Amino acid sequence: MRRLAARGAAGDAGEVAAPAADSSDSAQGRSPSSWRLIDLCAVWDAGVYLPSAAWNGASSGVARRRLNEAERLSSVREAQLKRLKVTRPRVLGSRERGRVPRMARQPPPPWVHAAFLLCLLSLGGAIEIPMDLTQPPTITKQSVKDHIVDPRDNILIECEAKGNPAPSFHWTRNSRFFNIAKDPRVSMRRRSGTLVIDFRSGGRPEEYEGEYQCFARNKFGTALSNRIRLQVSKSPLWPKENLDPVVVQEGAPLTLQCNPPPGLPSPVIFWMSSSMEPITQDKRVSQGHNGDLYFSNVMLQDMQTDYSCNARFHFTHTIQQKNPFTLKVLTNHPYNDSSLRNHPDMYSARGVAERTPSFMYPQGTASSQMVLRGMDLLLECIASGVPTPDIAWYKKGGDLPSDKAKFENFNKALRITNVSEEDSGEYFCLASNKMGSIRHTISVRVKAAPYWLDEPKNLILAPGEDGRLVCRANGNPKPTVQWMVNGEPLQSAPPNPNREVAGDTIIFRDTQISSRAVYQCNTSNEHGYLLANAFVSVLDVPPRMLSPRNQLIRVILYNRTRLDCPFFGSPIPTLRWFKNGQGSNLDGGNYHVYENGSLEIKMIRKEDQGIYTCVATNILGKAENQVRLEVKDPTRIYRMPEDQVAKRGTTVQLECRVKHDPSLKLTVSWLKDDEPLYIGNRMKKEDDSLTIFGVAERDQGSYTCVASTELDQDLAKAYLTVLADQATPTNRLAALPKGRPDRPRDLELTDLAERSVRLTWIPGDDNNSPITDYVVQFEEDQFQPGVWHDHSKYPGSVNSAVLRLSPYVNYQFRVIAVNEVGSSHPSLPSERYRTSGAPPESNPGDVKGEGTRKNNMEITWTPMNATSAFGPNLRYIVKWRRRETREAWNNVTVWGSRYVVGQTPVYVPYEIRVQAENDFGKGPEPESVIGYSGEDLPSAPRRFRVRQPNLETINLEWDHPEHPNGIMTGYTLKYVAFNGTKVGKQIVENFSPNQTKFTVQRTDPVSRYRFTLSARTQVGSGEAVTEESPAPPNEAYTNNQADIATQGWFIGLMCAIALLVLILLIVCFIKRSRGGKYPVREKKDVPLGPEDPKEEDGSFDYSDEDNKPLQGSQTSLDGTIKQQESDDSLVDYGEGGEGQFNEDGSFIGQYTVKKDKEETEGNESSEATSPVNAIYSLA
């Protein structure tokens, strides 16, 4: 029996339903038409076509679907077949049918490859603007660059575009404005730019040949189509000519030239006789790529027909025939005896002299050929000689690319598809027969029209954001880049202070609404050009969801699926996924979120069932959508049909019992020989079996049971053999047990050469299961002695192979045989064979430069193995230098696979080269790889601004750090609300590296906020900057009054006042309780009496014990001193005892002088200042 499991026929994740659907839909009898596929992604898994809503990994898919290892049963040996009288098709013989795949391979429809590619690209695709929002034009459809049209039809040149408002169109022809209104034959389709040129009323299509370009314009910009070269198909007639018979000696080479008329496009050439019989071609007679017919040697039978070259033109669907050639063959053996054609030495039998090979095309021993990257390379060698030479192809210094190379025209042509730069080099063809050999070398140069490295994409920015358009292309020669804006050269456009052009990049800073435009990048070289449109759109749009709400997705257990959540917003929102409305953001582990917001679940489990919510957030708001995921059990065939051998006329029953999810509708169908089985009146199909009544020989073949639901399918296959007699057991397995093959033996090395050797072996017994493959392994004793590696694989029908070898390897070989049961034991090893050394022909791969610390860069690479070392002492020359500088290369020789460069600046790009070298020389000059030194923490964000436009929101804005010191991974914002001594809970927000704005919704109008912002690199968060929000204007005074008692300055002021009051109280107490000494200078003439208490220093002691008031004063109740009468008299201050007055009544005289004098004298007699006196003076 055979088992073929192919889950996911309708999708691993299956289908998405209308919002209100539930898991009971199938049970309620809803039509499958009410469901639709969520995706068109499809994959090949182990060769099986699996359309699905996601894809299955090959390795995990095999484990999940428990693939059965059985294959078709092999045929028995011829003697056993005769003994059993088995009636079987010849095609199933052990050697004739070849290897049967382990899994039947169902080729997908052609659209699947494109759909799968588009699916993968969509995961990282750019976000598109919804059509209800204003946007510049975008070209959506256009004709090909080289547009060839049928002269019998109207000409159609396509150009369609979208935009809002809808764009208008105009055309140029040969770089000049094409006025459509002036030509009655030319019109433009409505709501489109497609040109229609109508010839129903006459006219010549050739008059409209030229180069056309479409312009789509609205008020936000202009988009351009490619330059479309319009050409009219041509199918000229063959020139009339009279051809004489071609006389040629038998055995001589001959070329019949075709020389077709030059058509557009070039016609398809083929040779026929004048009676329209095709010319039989083989390795002796064949048609070359140029259309000529080549005879490596002419034989007498070639004269039996004539030869006419035919040209078929594509557009007109006409075939033109050239006048036929007739041959006259001169021979030494005039009788055309057909029996000699199969003679082992036909040429000697006919008296034809044998000749060494010589080339008919191309001429000479060497030639060159140029091919463009991405095209097919066709190399051709046609040789003459007797006997007919064999052609073999080689590449100098390497092997032919096995995945892209194929041989055509009886090995006379080598085609390499999708050529790349590594396919350049020298190829040679070897023509040989038993008389000798010659070779022709073809030097292949690969050039390249421009191809994209980084195609510019539409740029959607919010006002004030920064962005860039990048246009990078490569080619050979290096293409030039030209920027245009709205179809005009950028140099002639009005200056824009927010725009800066730096080679292949346009940088936009602080973008405003006026910056909206469509930019064109045109990159070209001598082999072609590329033109790309990319618009800059400046929008302020809150997040919105673009898919239907509340979708239902059903998926098969253990498969991989993807949940889509298309969204839009400007600034571009951040999208996060949550499950069942709780928990943290889903990303990592079993989940992966793509750039476009899709959530991939790598392996579905039962616990993954639930409601998934996607939330898109930017500074203007947020939007969310939900997807309900249901997990279904897989469909499994648990009792599979078994291979059977039945006699004619009996009844056969093939079982197929299935287990599936009860909520899904199951369908069981049968295939015969991989085609749908017609259930006739001799067959009965039931849910778990297929019964065949009256088995006939035509019933022999493979039967496949297909159990499928809307979401997946399972396959199982069995083979029915019909016997001619009734003596054969009903089960062939019991009659002919199979086993693994015996090991091959007697390995022999012959045809020893510098880079090749022929290995021959004798096969072992296949043990009733034909050998399908031979695996040749090798071991070398220098790098990994004792370790065997796979070298090549060959069909089971061969026992000799030419092995391609690498220089300086001491080879030893062994062979393993494989059949459907398993692999044999390895053969005994062959003798060793060492190839001579040579300089390396390649360099190590996967070269990287990454910093492990902020001041270093670690250069690593994948070391070369034994088959690429090519010589002893393999080492690596490591070179590095700062990028875009002219400094000399630093270099060091390393024997390992890493080198650390120290003392580097922080996050600086370096050019890195790693070149292999051995004792025979250096490898080829390596390509430069860009690496970076280590990252560090970034500096603080610049110009952090906090604005409060109203009491509900606070707007934050900042600029990128002056020194990022690495790849910016985002920003971290921490903020907390506070009101006096009350502090709220801290909130943390993480932003993308392009976001420089954020809006905080206030929870109350009184609290203030403290914001701390820092930038992040892969190293971590850098220096933070802190700002506080301003106090709300209406609450500032109230808050100040409420909070003044808690302010530090107020507390200090109160303490100072209390201290001063305390000091004053102390002074008053001292004055009342103790008194003091006051220096006195007496101005009176009255001498002191003896009773007056006088100190030695002339001062008087006034103490409270005397209870005497001051002279001329009395004490009031509150202790203050009041003046009763003045001790001085105005007379005392006048001269001669009389006072003088001015006219206004003011007194003048000695008062001022006297008073000044007293003050001066008093100062002279005062005591030295002391702390106590100072306090008294204050009092």
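Here goes a summary of the coordinates provided. (Residues numbered from 1 in each chain as written. Predicted model: local features only at pLDDT ≥ 70, side-chain atom pairs only at ≥ 80, totals over all residues. Heavy atoms only, no water.)

Some points on the overall build of the protein
- Scanning the protein from N- to C-terminus turns up 10 helices and 90 strands.
- Here the protein holds 1179 residues, and the buried ones make up 44% of them.
- Sequence separation of 24 or more characterises 66% of the internal contacts of the protein that already satisfy a separation of 6 or more.
- A total accessible area of about 62400 Å² is found for the protein, and carbon and sulfur atoms account for 50% of it. (Helix = DSSP H or I, 4+ residues; strand = E, 2+ residues; numbered from the N terminus. Buried < 20%, exposed > 50% of the residue type's maximum accessible area, 1.4 Å probe, protein only. Contact = heavy atoms within 4.5 Å. Areas by Shrake-Rupley, 256 points an atom, 1.4 Å probe, with all protein chains shown as cover.)

Regarding the state of the cysteines
- This model, assessed by the stated rule, comprises six disulfides.
- The disulfide bridge from cysteine 258 ends at cysteine 309, spanning 1.9 Å between sulfur atoms. Residues cysteine 258 and cysteine 309 share a disulfide whose torsion about the S-S bond is about -70°; that sign makes it left-handed. Residue cysteine 258 is located in the loop between β18 (254-256) and β19 (268-272), and its partner cysteine 309 is located in strand β22 (residues 308-313); the two are separated by 51 residues in the primary sequence.
- Assessed through its relative accessible area of 0%, cysteine 258 is described here as buried.
- Linked covalently through their sulfurs, cysteine 471 and cysteine 521 form a disulfide whose S-S length is 1.7 Å. Its torsion about the S-S bond being -65°, the disulfide of cysteine 471 and cysteine 521 is classed as left-handed. With cysteine 471 in the loop between β35 (467-470) and β36 (472-476) and cysteine 521 in strand β41 (residues 517-525), this pair connects stretches of sequence that are 50 residues apart.
- Given the relative accessible area of 0%, cysteine 471 is considered buried. (Disulfide = S-S within 2.5 Å.)

Remarks on the pattern of salt bridges
- In total, this model carries 53 salt bridges according to the counting rule given.
- For glutamate 820, the salt bridge goes to lysine 738, with nearest N and O atoms at 2.4 Å. Of this pair, glutamate 820 sits in the loop between β67 (810-818) and β68 (833-834) while lysine 738 sits in the loop between α5 (732-735) and β62 (745-750), and the two are 82 residues apart along the sequence.
- In this structure lysine 738 comes out as partly exposed when scored by relative accessible area, which is 27%. (Salt bridge = Lys/Arg side-chain N within 4 Å of Asp/Glu carboxyl O.)

Considerations on the sheet that holds strand β78 (residues 953-959)
- Across the sheet, which stays open at both edges, the three strands sit in the order β77-β78-β82 with antiparallel pairing between neighbours. Among the strands making up the open sheet, the edge pair consists of β77 (942-947) and β82 (997-1001). The average angle at which neighbouring strand axes cross in this sheet is 15°, direction not considered.
- Pairing of β77 with β78 involves four bridges; the strand directions are antiparallel. Paired with arginine 945 across the strands is glutamate 957, a residue of β78. (Pairing = 2+ DSSP bridges. Axes fitted to C-alpha atoms, helices over the stretch in contact; angles between N-to-C directions.)

Some thoughts on the side chain of asparagine 590
- Here asparagine 590 lies in the loop between β47 (574-579) and β48 (591-593).
- Residue class for asparagine 590 comes out buried when judged on its relative accessible area of 18%.
- Among the polar contacts listed, one links the side chain of asparagine 590 to the backbone oxygen of methionine 603, at a separation of 3.0 Å.
- Not counting residues within four places of it along the chain, the set of residues in contact with asparagine 590 comprises Glu600, Ile601, Lys602, Met603, Arg605 and Asp608. (Polar contact = N/O pair within 3.5 Å; in protein donor to acceptor, adjacent residues only side chain to side chain.)

Remarks on the pairing of strand β66 (residues 800-804)
- Residues of β66 alternate between two faces, with Ala801 and Leu803 buried on one and Ser800, Val802 and Arg804 left unburied on the opposite face.
- Note that strand β63 (residues 756-762) and β66 share five bridges and pair antiparallel. Following the sheet pairing, valine 757 is matched in β66 by leucine 803.

A closer look at a nonpolar patch on the surface
- A cluster of nonpolar residues, Trp1049, Leu1053, Met1054, Ile1057, Val1061 and Leu1065, forms a patch on the protein surface that exposes about 590 Å² of accessible area.
- Inspection of the secondary structure assignment puts leucine 1065 in helix α8 (residues 1048-1073). (Patch = residues over 30% accessible without salt bridge, like charges linked within 9 Å, V, L, I, M, F, W, Y side chains within 5 Å.)

Digging into unusual backbone geometry
- Residues tyrosine 361 and proline 362 are joined by a peptide bond in cis, for which omega reads -5°.
- With respect to the element layout, proline 362 can be found in the loop between β25 (355-361) and β26 (366-372).
- The amide bond that connects serine 570 to the next residue, proline 571, takes the cis arrangement and shows omega of 5°.
- In this fold, proline 571 is placed in the loop between β46 (567-570) and β47.
- With a phi angle near 50°, asparagine 259 is a residue other than glycine that sits in the positive phi range.
- Structurally, asparagine 259 can be placed in the loop between β18 and β19.
- Of note, the phi angle at aspartate 846 is positive, near 55°, even though the residue is not glycine.
- Here aspartate 846 is to be found in strand β69 (residues 845-850).
- Aspartate 846 sits in the partly exposed class, given a relative accessible area of 49%.

Examining the sheet that holds strand β45 (residues 561-563)
- On the basis of which strands lie adjacent, the open sheet formed by three strands has the order β45-β49-β48 and antiparallel pairing. Looking at the sheet topology across the chains shown, the edges are occupied by β45 and β48. Strand-to-strand twist across the sheet, computed as the mean angle between neighbouring axes with direction ignored, equals 25°.

Observations regarding the packing of aromatic side chains
- The final tally for this structure, using the stated rule, is 21 aromatic pairs.
- Taken together, a centroid distance of 4.8 Å and an interplanar angle of 45° make the contact between phenylalanine 991 and phenylalanine 998 tilted. Both residues of the pair, phenylalanine 991 and phenylalanine 998, belong to the buried class.
- Through pairs of rings, three or more aromatic residues link up here, namely Phe944, Trp958, Tyr971, Phe991 and Phe998.
- The ring of tyrosine 529 has arginine 227 sitting right over it, with the charged end atom 3.9 Å from the ring centre.
- Looking at arginine 1010, its charged tip hangs above the ring of phenylalanine 978, at a distance of 4.3 Å from the centre. (Phe/Tyr/Trp six-rings, centres within 6.5 Å; stacked < 30°, edge-to-face > 60°. Lys NZ or Arg CZ within 6 Å of the ring centre and 35° of its normal.)

Remarks on the pairing of strand β42 (residues 528-538)
- Burial of β42 is extensive: nine of the 11 residues sit out of reach of the surface.
- Sheet topology note: the strand β34 (residues 459-461)/β42 ladder contains three bridges and is parallel. Bridge pairing in β42 places leucine 459 opposite valine 536.
- In this sheet, β42 lies alongside β41 in antiparallel orientation, the contact comprising nine bridges. Opposite cysteine 521, over in β42, you have alanine 532 as the bridge partner.
- Once β41 ends, the chain turns through two residues before running back antiparallel as β42.

Points about the nonpolar core
- By size, the foremost hydrophobic cluster in this structure holds 30 residues, and its most contacted members are Ile155, Ile157, Trp171, Leu195, Tyr208 and Tyr212.
- The set of elements that each furnish at least two residues to this core consists of β8 (155-157), β9 (159-164), β10 (168-173), β13 (195-197), β14 (210-218) and β16 (228-232).
- Of all hydrophobic cores here, the second largest spans 22 residues; its members include Met545, Ile601, Ile604 and Leu629. (Core = buried A, V, L, I, M, F, W, Y, C linked by side-chain atoms within 4.5 Å.)

Details of the side chain of threonine 709
- The topology assignment puts threonine 709 in the loop between β60 (701-708) and β61 (713-723).
- With a relative accessible area of 10%, threonine 709 lands in the buried category.

What to know about the environment of threonine 835
- With respect to the helices and strands, the residue threonine 835 is situated in the loop between β68 and β69.
- Judged by its relative accessible area of 3%, threonine 835 is buried.
- C-alpha separation for the pair threonine 835 and glycine 871, spaced 36 residues apart in sequence, amounts to 9.7 Å.
- When residues no more than four places from it in sequence are discounted, the contact partners of threonine 835 are Glu754, Leu805, Ser806, Pro807, Tyr808, Val809 and Tyr811.
- Separated by 2.6 Å, the side chain of threonine 835 and the backbone oxygen of serine 806 make a polar contact.
- From its side chain, threonine 835 meets the backbone nitrogen of valine 809 in a polar contact 3.2 Å long.

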